[in-house]
Structure formats: structure tokens, C-alpha cells
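Each chain, written out:
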Amino acid sequence: MPELLEVEAYRRAAARLAGRTVLGVDLPDGRYLRGVEPEVLRASVTGRSVVGVRRHGKLLIVDLGGPDARGPSLGLHFGMTGRLLVDGDAAIDGLRYGPAGNRAAWVRFGLRTAPAGGLEVIDPRRLGSVRLDPDPADLGPDAATLSTAQLSAALDSGRPLKAVLLDQGAVAGLGNLLVDESLWRARIRPDRVARALDPSERRRLARTIRSTVSDLGRRGGSDTGDLQEPRDARGTCPRCGAPLSRATVAGRTTFWCPAEQV
DNA sequence: CCGGATGTTCACCT
DNA sequence: GAGGTGAACATCCG
């Protein structure tokens with residue numbers, strides 16, 4: 001599920017943890033934690049207070065502090081099937097993997113807090129991960145607030161446009177659905193060479209990415225785009241009625257309107 | 001039964 | 001170095 005919009009919903013739900021103290025960490029799945037040993041993670045977060053919860057791209061960041069100083073932060077990635085429970089409640093409803101999807105066997109990570117509650121990550125396919133002190137340099141500028149200058153810098157590449165927009169190090173937060181929806185709204189083909197976009201296309205695309213993110217955010221998620229129904233039904237362009245094209249671009253299934261996207 | 005899926009990472013090519 | 005491909009992860013859905 002999680003593209004930027006879903007992780008933003010997770011952030012809102014997790015914001016209530018601010019002010020609580022970390023009691024402990026549950027790591028039922030050894031492979032879920034990356035780059036640091038479980039004991040090191042436990043030692044560095046236990047007893048800390050939750051200062052706040054941020055989001056950058058698809059990464060959820062729990063900032064910890066202490067009586068003394070600023071503390072470490074915890075980075076949560078949800079992959080394709082990760083969901084977040086806050087104090088035992090789903091941060092988002094209506095996701096895939098159904099109502100039975102909170103199965104205990106799929107709990108990959110837990111953060112217990114005082115005076116009560118905590119976080120749990122449920123991830124059937126184990127595509128997500130948890131890191132200590134995630135490096136901000138791994139992520140490009142956030143798609144929700146992407147400026148033309150930021151996009152333009154990211155587009156300095158000979159790769160297909162879609163590959164760049166999916167690259168979290170170039171632009172952070174967009175997934176397969178948001179990219180296709182944004183390109184369709186901006187009327188630009190996904191297989192264009194990124195570097196070849198002219199200045200007016202760059203302006204239009206940056207503006208369209210921001211408005212697509214906010215529009216689908218209001219509607220309720222990455223799967224609420226105008227392209228979603230024709231995508232599922234192999235249908236036609238909602239604007240002009242031409243049959244949508246479908247192909248693999250940058251390794252992902254891609255839909256676009258061959259009549260309008262140039 | 002088979003292919004595909006809102007994602008990332010890595011090994012291996014060209 | 002740049003870029004591409006395919007596999008792996010584990011489960012559900014059509």
C-alpha cells in the first residue's frame with residue numbers, strides 16, 4: 001500500500017506517541033532490522049522519549065530524545081505490504097491483506113511505550129524494514145513539496161522519466177501508482193528520456209506532482225486516481241477515450257494514454 | 001494452476 | 001560510472 005500518502009496517514013496516527021517513553025523493542029523477525037544489531041538498537045532507544053514523528057518520502061521517522069540531549073531516530077519503511085498499528089489500531093483501513101491481516105505471525109516490529117500502547121508494523125511479505133538513524137542523504141526532495149528546481153536537478157539523467165520518479169534518491173515518496181497518475185495528468189510519456197524534458201514541461205510536471213499528491217490525499221490514497229479504474233479494467237483514457245497503453249517501464253507495469261501523453 | 005501486485009535491494013550484465 | 005535485468009522476499013487475488 002504505502003506510497004507517500006499512506007505513510008503520511010501513518011504519521012498522523014503515530015503523532016500521538018509524542019511525549020511517551022520507549023519501554024522496549026520487539027523484533028520477532030531478525031531480518032527486518034537493517035544495519036544494526038538488535039541489542040544496539042535496544043540499548044540506544046530504550047528509556048528515550050518520543051520527541052515527534054516525521055515523514056520523508058515513504059520513510060516514517062520517529063525522533064527520540066532524552067533528558068540530556070537529542071537522541072537517535074528510528075526509520076520505518078513499509079515496503080509494499082506493511083501496515084502500521086498505533087496503540088493496537090490500524091492507522092489506515094481498507095487495505096489489502098484483509099481484515100484478518102493483523103495476524104500475529106506478521107508482526108515484524110514493535111515499539112512499546114509508557115504509559116501505554118505503542119507501534120506495531122504488520123508486514124506479510126516482509127518487504128519493509130527498520131533502521132536506526134536513517135541517512136537523510138539517501139532520499140531526494142519530498143514529492144509533496146517538490147519545486148521545479150528540485151525536479152529539474154533530479155531529471156539530470158539519461159534514464160526514462162519514470163525510472164527517475166520512482167528512484168527514492170532522486171525524488172522521495174512516489175510509487176508506481178502516483179507516478180503513472182502524475183504523468184497522465186501532466187500529459188507526458190513515462191518513457192521519455194528524463195534529461196530531454198524542456199523547461200515548460202519541467203514546470204508543469206513539478207506542479208502536477210504536487211497537485212496530484214494533494215488531490216489524491218484529499219480523496220483518500222494512492223489508489224484513488226483517475227487512472228485506477230481503467231488500470232484495473234484495462235480500459236480507456238478517462239479524458240479522451242483512447243485505449244490506454246500498457247507496458248513495463250523501469251521494471252514496473254505502466255499505463256499511459258498514447259493519444260495525449262507526448 | 002499461473003501471473004501479477006501501491007517496493008527495495010542485490011547480483012550480474014552490457 | 002551509467003544503465004538495465006532478473007531474482008528474492010511471502011501472500012493474496014483474479
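Residues numbered from 1 in each chain as written. Chains lettered and ligands numbered in written order. Predicted model: local features only at pLDDT ≥ 70, side-chain atom pairs only at ≥ 80, totals over all residues. Heavy atoms only, no water.

### A few points about helix α6 (residues 199-219)
Stage number 1. Over its 21 residues, α6 extends 30 Å from the first C-alpha to the last, a length consistent with the 30 Å expected when each residue adds 1.5 Å.
Stage number 2. Listed as buried for α6 are Glu201, Arg202, Leu205, Ala206, Thr208, Ile209, Thr212, Val213, Asp215 and Leu216.
Stage number 3. Residues of α6 that are buried in the fold lie against α1 (4-14), α3 (148-154), α4 (161-166) and α5 (176-186).
Stage number 4. At the N-terminal boundary of α6, the capping side chain belongs to Asp198, with an oxygen 3.0 Å from the backbone nitrogen of Ser200.
Stage number 5. Taken from the residues just after α6, Gly220 is the one with a positive phi, measuring 125°. (Helix = DSSP H or I, 4+ residues; strand = E, 2+ residues; numbered from the N terminus. Expected span 1.5 Å × (residues − 1). Buried < 20%, exposed > 50% of the residue type's maximum accessible area, 1.4 Å probe, protein only. Contact = heavy atoms within 4.5 Å. Polar contact = N/O pair within 3.5 Å; in protein donor to acceptor, adjacent residues only side chain to side chain.)

### Some details on the pairing of strand β4 (residues 59-65)
Stage number 1. Burial of β4 is extensive: seven of the seven residues sit out of reach of the surface.
Stage number 2. Neither face of β4 is exposed, since Leu59, Ile61, Asp63 and Gly65 on one face and Leu60, Val62 and Leu64 on the opposite face are all buried.
Stage number 3. Pairing geometry for strand β3 (residues 49-56) and β4, over seven bridges, is antiparallel. Bridge assignment links Arg54 to a residue of β4, and that residue is Ile61.
Stage number 4. Once β3 ends, the chain turns through two residues before running back antiparallel as β4, passing Gly57 with a positive phi of about 60°.
Stage number 5. Bridge count for β4 against strand β5 (residues 70-77) is five bridges, and the pairing is antiparallel. Each bridged residue has a counterpart across the sheet, and for Leu60 the counterpart in β5 is Leu76. (Pairing = 2+ DSSP bridges.)

### Some points on the packing of aromatic side chains
Stage number 1. According to the stated counting rule, one finds one aromatic pair in the structure shown.
Stage number 2. The ring of Trp184 has Arg239 lying over it, and the distance from NZ or CZ to the ring centre is 3.9 Å. (Phe/Tyr/Trp six-rings, centres within 6.5 Å; stacked < 30°, edge-to-face > 60°. Lys NZ or Arg CZ within 6 Å of the ring centre and 35° of its normal.)

### Looking at the packing of α5 against α6
Stage number 1. Two elements in contact, α5 and α6, have axes separated by 9 Å at closest approach and are oriented at 125°. Relative to α6, α5 is oriented oblique. For α5 against α6, the interelement crossing comes out right-handed. Between α5, through Leu178, Glu181, Ser182, Leu183, Arg185 and Ala186, and α6, the contact on the second element is made entirely by Arg204, Leu205, Thr208, Ile209, Thr212, Asp215, Leu216 and Arg219.
Stage number 2. Of the residues in the contact of α5 with α6, the class split is six nonpolar, three polar and five charged. (Axes fitted to C-alpha atoms, helices over the stretch in contact; angles between N-to-C directions. Parallel < 35°, antiparallel > 145°, perpendicular 65-115°, else oblique. Left-handed = near helix turned anticlockwise from the far one by under 90°. Nonpolar A, V, L, I, M, F, W, Y, C, P; charged D, E, K, R; others polar.)

### Some details on the side chain of Asp215
Stage number 1. With respect to the element layout, Asp215 can be found in helix α6.
Stage number 2. On the accessibility criterion, Asp215 (18% relative accessible area) is buried.
Stage number 3. A distance of 2.8 Å separates the side chain of Asp215 from the side chain of Arg185, its partner in a polar contact.

### Here we look at the nonpolar core
Stage number 1. Core analysis: the largest hydrophobic core is formed by 31 residues, its most contacted members being Leu41, Leu74, Leu76, Leu84, Phe109 and Leu119.
Stage number 2. Membership of the second largest hydrophobic core comes to 26 residues, among which are Leu151, Leu155, Val164 and Leu166. (Core = buried A, V, L, I, M, F, W, Y, C linked by side-chain atoms within 4.5 Å.)

### Quick word on the domain arrangement of chain A
Stage number 1. Taken domain by domain, chain A comprises domain 1 (4-136) and domain 2 (140-256).
Stage number 2. On a C-alpha basis, the centres of domain 1 and domain 2 stand 28 Å from each other.
Stage number 3. Counting from both sides, the interface comprises seven residues of domain 1 and, opposite them, 16 residues of domain 2.
Stage number 4. Between domain 1 and domain 2, the buried area comes to about 820 Å², and carbon and sulfur atoms account for 58% of it. (Domains from an automatic or database assignment. Buried area = accessible area lost by both parts, 1.4 Å probe.)

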